[in-house]
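Next come the chains, spelled out residue by residue.
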Amino acid sequence: VRIGEASLRRTFMNPLSLLLLPALAFGSTAPTPSRYTTLLIPMDRSAEAPSLKLELDMDETLASDPLLTVKKPEELFGLPVDATAAEALKHSDIGYAESKAAFDDGDYDDAERKLHATLKEYAKAAAAMTDCGHYCDAIAMYAAVLHRRGEVDESRLNLLSLLSLDPTYELSPKIFAKDFITLKATVATSVNAALRENTMVKSHPAGARVFLDGKFEGYTPMTLPQVEVGQHLVRVEHPGFTRWGQIVDIRPEPQELDADLEPTPAWQTYDKLLDQVAAEVPREEDDTTISSLGKTLGVDRAIIGTLRTLRGVDQTELLVGLFEIKDGKRLAFSSSRMGFKDEV
């Protein structure tokens, strides 16, 4: 169960606008841009899913004022690339260059060996990849050398993976043989290329951004509908956690991916303070915890809120406060409730 986006916006943006009025008034008198950030604290697992989306919506609203400098969640807590994946990507790119040199020289046996190893290395590098890039080029060359030595079925499978990763991929007649280009066209119109399936993507924590073959699709938990059967690059990102990625073989039956995200040191420090900070949001007294947190994050003011599922009434309660960081003073406060609805 997730909060519907349209419902969320209708319910949330009105109180947010009222909350931001004092922020803009204070900001307009400042001689230099004020640094803001938004922090929403989910109070239960059900409230995790919409929290990042809400934060980003609030940041977008703040960023529309030229006198406000907004620090995004990834700036506050980091969004590092997995070190193992980054190293694998370096090795993959070196392997790709060596494979291409052998392929261009016509040494297809050497090219096949190097391409086989390179493709395995790219599979380890998925978390560091933002698009298909040289991985697709390596698949194309590997399919070509397999086709050249008569392994047509294996070549077809690799071409299917290539087309699922990048349906618009073009084979240059200056590089590839005419009959191989013809095979690719045949695969593109085959029954297998037309197969589609749904894939569920979950993460811990929930609410992470999901990218399919480099394109943003939504937030976890979500279903990627009607994905082409074959290989796809799935990447999951949540500020404060190491990027997660995987080259997935989508099969003609429903699948589920579950990304267990690794927190950064900055997020772990923040996480230890969450209960204490959340308790201070509805209070009018100045709060030293919020002040210390804000100074650590390098902001002048912060909009801090809590999301809580209200059991039995199918609603989520949103409490939001605007805080002056230098003394932890609460400048404004807003509360609202949002209805739940199922999303397919």
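Refer to the structure printed above.
Everything numeric in this text was worked out from a predicted model, so none of it was measured.

Help me understand the overall build of the protein chain, please; the structure alone is not making it clear to me.
The helix and strand inventory of the protein chain stands at 11 helices and 12 strands. The buried share of the protein chain, taken over its 344 residues, is 51%. Once local pairs closer than 6 in sequence are excluded, the contacts in the protein chain between residues at least 24 apart make up 65%. For the protein chain, the computed accessible surface area is about 16,600 Å², with 50% contributed by carbon and sulfur atoms.

So what exactly am I meant to see when it comes to the pairing of strand 7 (residues 230-237) here?
Two faces, one strand: in a regular strand the side chains alternate between the faces of the sheet. Taken across its eight residues, strand 7 has eight buried, putting it largely inside the fold. Both strand 4 (residues 209-212) and strand 7 contribute to a ladder of four bridges, which runs antiparallel. Residue pairing in the sheet places L212 in a bridge with V234 of strand 7. Looking at chain direction, strand 7 and strand 8 (residues 244-250) are connected through seven bridges and run antiparallel. In the strand pairing of strand 8, G230 is matched with I250. If you look at the hairpin formed by strand 7 and strand 8, you'll find six residues sitting between the two strands, and G240 has a positive phi there, around 95 degrees.

Looking at this model, I keep getting lost on the environment of H91. Mind explaining?
Position of H91 among the secondary structure elements: in helix 4 (residues 83-104). Considering only alpha carbons, one finds H91 and E121, 30 residues apart in sequence, at a separation of 7.0 Å.

Please explain helix 5 (residues 108-124) as it appears in this structure.
Because an α-helix completes one turn every 3.6 residues, residues spaced three or four positions apart along the sequence face the same direction. In this model, helix 5 (17 residues) spans 24 Å end to end at C-alpha, consistent with the 24 Å of a helix rising 1.5 Å per residue. Taken together, the buried positions of helix 5 are occupied by D110, A111, E112, L115, T118, L119, E121 and Y122. Against helix 4, helix 6 (133-148) and strand 8 lie the buried residues of helix 5.

Sorry if this is basic, but what is going on with the nonpolar core here?
Within soluble globular proteins, side chains that are nonpolar generally end up buried alongside one another. Ranked by internal contacts, the top residues of the largest apolar core, which has 37 residues, are F103, Y135, L159, L162, L165, F176 and F180. Contributions of two or more residues to this core are made by helix 4, helix 5, helix 6, helix 7 (152-165) and helix 8 (178-188). Not counting chain neighbours up to four residues away, the residues in contact with L159 comprise A143, F180, L183, K184 and V187. Judged by nonpolar contacts, the second largest core, of 35 residues, contains L76, L224, L257 and L261.

Procedures and definitions
Along every chain, residues carry numbers that run from 1 in the direction the sequence is written. Owing to the predicted nature of the model, reporting of local features is limited to residues with pLDDT of at least 70; listing and counting of side-chain atom pairs is limited to 80 or more, with chain, interface and lining totals taken over all residues. Side-chain descriptors were evaluated using all non-hydrogen atoms of the structure, hydrogens and water having been removed beforehand. We count a stretch as a helix when DSSP gives it H or I for four or more residues in a row; a strand needs E for two or more, and each element gets its number in order from the N terminus. When a residue's accessible area, from a 1.4 Å probe over protein chains only, is under 20% of the maximum for its type it is buried; when over 50% it is exposed; and in between it is partly exposed. Contacts are assigned to residue pairs with any non-hydrogen atoms lying within 4.5 Å of each other. Accessible surface area values rest on a Shrake-Rupley calculation with a 1.4 Å probe, where residue burial reflects the displayed protein chains alone. Any two strands with at least two DSSP bridges between them are considered paired. To estimate the expected span of a helix, count its residues, drop one, and scale the result by 1.5 Å. Among the buried residues, those of types Ala, Val, Leu, Ile, Met, Phe, Trp, Tyr and Cys that are joined through side-chain atoms within 4.5 Å form a nonpolar core.

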